[in-house]
Amino acid sequence: MQVKKYLVKCLHRLQKGPGYTYQELLVWYCDNTNTHGPKRIIREGPKKKATWFVLTLLFASLVFWQWGVFIRTYLSWDVSVSLSLGFKAMYFPAVTICNSSPFQYSKVRHLLKDLDELMEAVLERIVATEPSHANATKGLNFTIWNHTPLVLIDERNPRHPVVLDLFADNHNGSAGSSPALRWGCNAQGCKVAMRLCSVNGTVCTFRNFTSATQAVTEWYTLQATNIFSQVSPRELVKMGYPGEQLILACLFGAEPCSYRNFTSIFLPDYGNCYIFNWGMKEEALPSANPGVEFGLKLILDIGQEDYVPFLTSTAGVRLLLHEQRSYPFVKDEGVYAMSGTDTSIGVLVDKLERKGKPYSRCTVNGSDVPIRNLYSNYNTTYSIQACIGSCFQDHMIQNCTCGHYLYPLPHGEKYCNSQEFPDWAYCYSELRRSLDQRESCIRMCKESCNDTQYKMTISMADWPSEASEDWIFHVLSQERDQSTNITLSRKGIVKLNIYFQEFNYRTIEESAAYNMVWLLSNLGGQFGFWMGGSVLCLVEFAEIVIDFLWITVIKLVAFSKGLRQRRAQARYAGPPPTVAELVEAHSNFAFQPDPADQGPDPGAYAHEQALPIPGTPPPNYDSLRLQPLDVIESDSDGDAV
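These figures come from a predicted structure and were not determined experimentally. (Residues numbered from 1 in each chain as written. Predicted model: local features only at pLDDT ≥ 70, side-chain atom pairs only at ≥ 80, totals over all residues. Heavy atoms only, no water.)

1. Quick look at the pairing of strand 12 (residues 317-322)
Here comes step 1: Of all six residues making up strand 12, six are buried, and the element is well covered by its neighbours.
Here comes step 2: Here strand 12 shows a buried face lined by Val317, Leu319 and Leu321 and a second buried face lined by Arg318, Leu320 and His322.
Here comes step 3: Alignment of strand 2 (residues 94-99) against strand 12, held across six bridges, turns out to be antiparallel. Residue pairing for strand 12: Val95 is matched across the bridge by Leu321.
Here comes step 4: Where strand 12 and strand 13 (residues 335-337) come together, three bridges link them in antiparallel fashion. By the bridge assignment, Val317 is partnered in strand 13 with Ala337. (Buried < 20%, exposed > 50% of the residue type's maximum accessible area, 1.4 Å probe, protein only. Helix = DSSP H or I, 4+ residues; strand = E, 2+ residues; numbered from the N terminus. Pairing = 2+ DSSP bridges.)

2. Some words on the sheet that holds strand 13
Here comes step 1: The strand order across the open sheet formed by five strands is 9-10-2-12-13, and the pairing between neighbours is antiparallel. In this open sheet, the two edge strands, each paired with only one partner strand, are strand 9 (262-267) and strand 13. Recorded for the sheet is a direction-independent mean angle of 30 degrees between the axes of neighbouring strands. (Axes fitted to C-alpha atoms, helices over the stretch in contact; angles between N-to-C directions.)

3. A closer look at the state of the cysteines
Here comes step 1: Counting across every chain of the model gives eight disulfides.
Here comes step 2: The disulfide partner of Cys98 is Cys273, and the gap between their sulfur atoms is 1.9 Å. On the sign convention where negative is left-handed, the bridge of Cys98 and Cys273, at about 120 degrees about the S-S bond, is right-handed. Taken together, the positions of Cys98 in strand 2 and Cys273 in strand 10 (residues 271-276) put the pair 175 residues apart, joining distant regions of the chain. Of the two residues, Cys98 and Cys273, both sit in the buried class.
Here comes step 3: Bridging Cys362 to Cys449, the disulfide has an S-S length of 2.1 Å. Sign of the S-S torsion, about 85 degrees for the bond between Cys362 and Cys449, identifies this disulfide as right-handed. Of this pair, Cys362 sits in the loop between strand 14 (341-353) and helix 13 (384-400) while Cys449 sits in the loop between helix 15 (435-444) and strand 15 (450-462), placing them 87 residues apart in sequence.
Here comes step 4: The buried category is assigned to Cys362, whose relative accessible area is 6%. (Disulfide = S-S within 2.5 Å.)

4. Focus on the pattern of salt bridges
Here comes step 1: Applying the stated criterion to the full structure yields 14 salt bridges.
Here comes step 2: The salt bridge partner of Lys238 is Glu235, with a shortest N-O separation of 3.9 Å. Here Lys238 and its partner Glu235 are both found in helix 10 (residues 233-239), three residues apart, which amounts to about one turn of the helix.
Here comes step 3: When the shortest N-O distance is used, the salt bridge between Asp350 and Arg506 registers 2.6 Å. One end of the pair, Asp350, is in strand 14; the other, Arg506, is in strand 16 (residues 493-512), with 156 residues separating them in the sequence. (Salt bridge = Lys/Arg side-chain N within 4 Å of Asp/Glu carboxyl O.)

5. Regarding the nonpolar core
Here comes step 1: Among the nonpolar cores identified, the biggest contains 49 residues, and Trp145, Leu150, Phe167, Trp219, Tyr220, Phe228 and Trp424 are the most heavily contacted of them.
Here comes step 2: Considering every element that reaches this core, the biggest residue donor is helix 9 (residues 212-228), with eight residues.
Here comes step 3: Setting aside chain neighbours within four positions, we find Trp219 in contact with Leu115, Leu118, Met119, Trp145, Thr148, Pro149, Leu150 and Met194. (Core = buried A, V, L, I, M, F, W, Y, C linked by side-chain atoms within 4.5 Å. Contact = heavy atoms within 4.5 Å.)

6. Here we look at the packing of helix 6 (residues 113-127) against helix 9
Here comes step 1: In contact at an axis separation of 11 Å, helix 6 and helix 9 are set at 165 degrees when each is read in the N-to-C sense. Taken together, the axes of helix 6 and helix 9 are roughly antiparallel relative to one another. When the axes of helix 6 and helix 9 are compared, the crossing they make is right-handed. Facing Leu115, Asp116, Leu118, Met119, Val122, Leu123 and Ile126 of helix 6, the residues of helix 9 in contact are Ala212, Val216, Trp219, Tyr220, Gln223, Ala224 and Ile227.
Here comes step 2: Looking at the contact of helix 6 with helix 9 residue by residue, the class counts come to 12 nonpolar, one polar and one charged. (Parallel < 35°, antiparallel > 145°, perpendicular 65-115°, else oblique. Left-handed = near helix turned anticlockwise from the far one by under 90°. Nonpolar A, V, L, I, M, F, W, Y, C, P; charged D, E, K, R; others polar.)

As structure tokens, then:
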């Protein structure tokens, strides 16, 4: 009943307003709309009517085209970058310092003994000009060599290069790699390469280098990684440089400090590293003023005489400035400070604020990144470097069934080593060169929405000077070793000065290039310019659309009801019976009682007709015929409803 009520009211509104047909609705809209153009179409003569129709259609098309351009531009989610300058007191950055050598050679010599002897023999074979005697390599342990040997590739005939084994005359000799051929290969015609094999040596590849220095360094690092991955983390920490030996003097502003004010962390690339003002357990330290006198001053002893000779070829300190509670990726983002110098580092701060979805793929805390953060054990904040490192380690475990020594290891997994995973070096090399692996990690990892970068201005000078060298080394030696003799030298001393150049900081902020206000103003401007319309004109158009839908519904209902009536009329062969005919068929002039007690006679009513209806007959109006009810009710009936 409620549906019928609202339907009838809608019919009356259409009858009094737009009308019942689409043509009436269109004429009513053109005559009553506030948009320019449609009124002239129905009020002008034939020629002007055609002209105004073409103009209205043309300008409406321009409006919709411009709307599409503006909406597409808005949905592109472009950003604009603004740069602002601020001035305030700032927290001093976290400072991570590492020695270039990850271990003290005196503590790892026993682990690297076989590898060092093999390395010396390799270098002798590479630089020698004449064949050596076989007994020169008789005591070498070739177990390491069997997994990933170094070879010489004779490229004097580019179409048919020859692979020469460095130890073919002493170990697994093969045809085509005799000493005569090897020693006849000069530096211009031969290149040193690393042979990596898998599946019991049946599938091999060669990693080529332009210099033998690069080749032997990469080969030694790979073999050392294989060795250190089998040592427990606690033992590795003991083999590194302790804080009291590395940090000789410390001063922050006017307050003295020592190695106890640093947090120790083990990084596989650099061993024991020490972080000042990390903010994990203590509050971050503010900087009182800009300038050298209010920064961090350090004197470090790198102990260069105890470096691992073949593992570390760079002497100095690797340092990194980063935010509090962030993991220090010293290898990727750090800088070196030379020994025997006073290195001053002036710091400027840049703050980056990126827009989130849908303007960019940045993340606030990494919770929406589909990669397990392996660095979360350190309780550090999210960074894209941590995500990429975790992604590579996941791929390493999936493809090589073991994790690489340089990345954190998930629970329950093992680090790669040649004893348990003989094919890991080949797998690691292929994965490292895989473009698909890098692209998949970049695609899944996201940048941080808020980031702080420290721009450094570095200057250096010799320290100490020749005039002050004697007394400075005497004092530092006595303080560290309680010795009257000089135990320090220029090649092991590094002085650092880290400070804010100024308290001005730059904020690089992203903002929406096209916001909703821009979109609405441009849509309204185009609509008003080309057709003189406004928001109310759009409301009028929406009203006509609703009326169009109502007329469609009404026509469908009328069509359905008419179809049912036509089906009902199809049952009668002739015209409908009159009232008089119906009365005569059901008359009971004597008012006789119905024969209810008698059973019906099946033959009295042929063709399965219904029993006659008794009762008083109605008036006999021969001219009155039954007609089908009209679909549309009168106004009075509608009001009564």
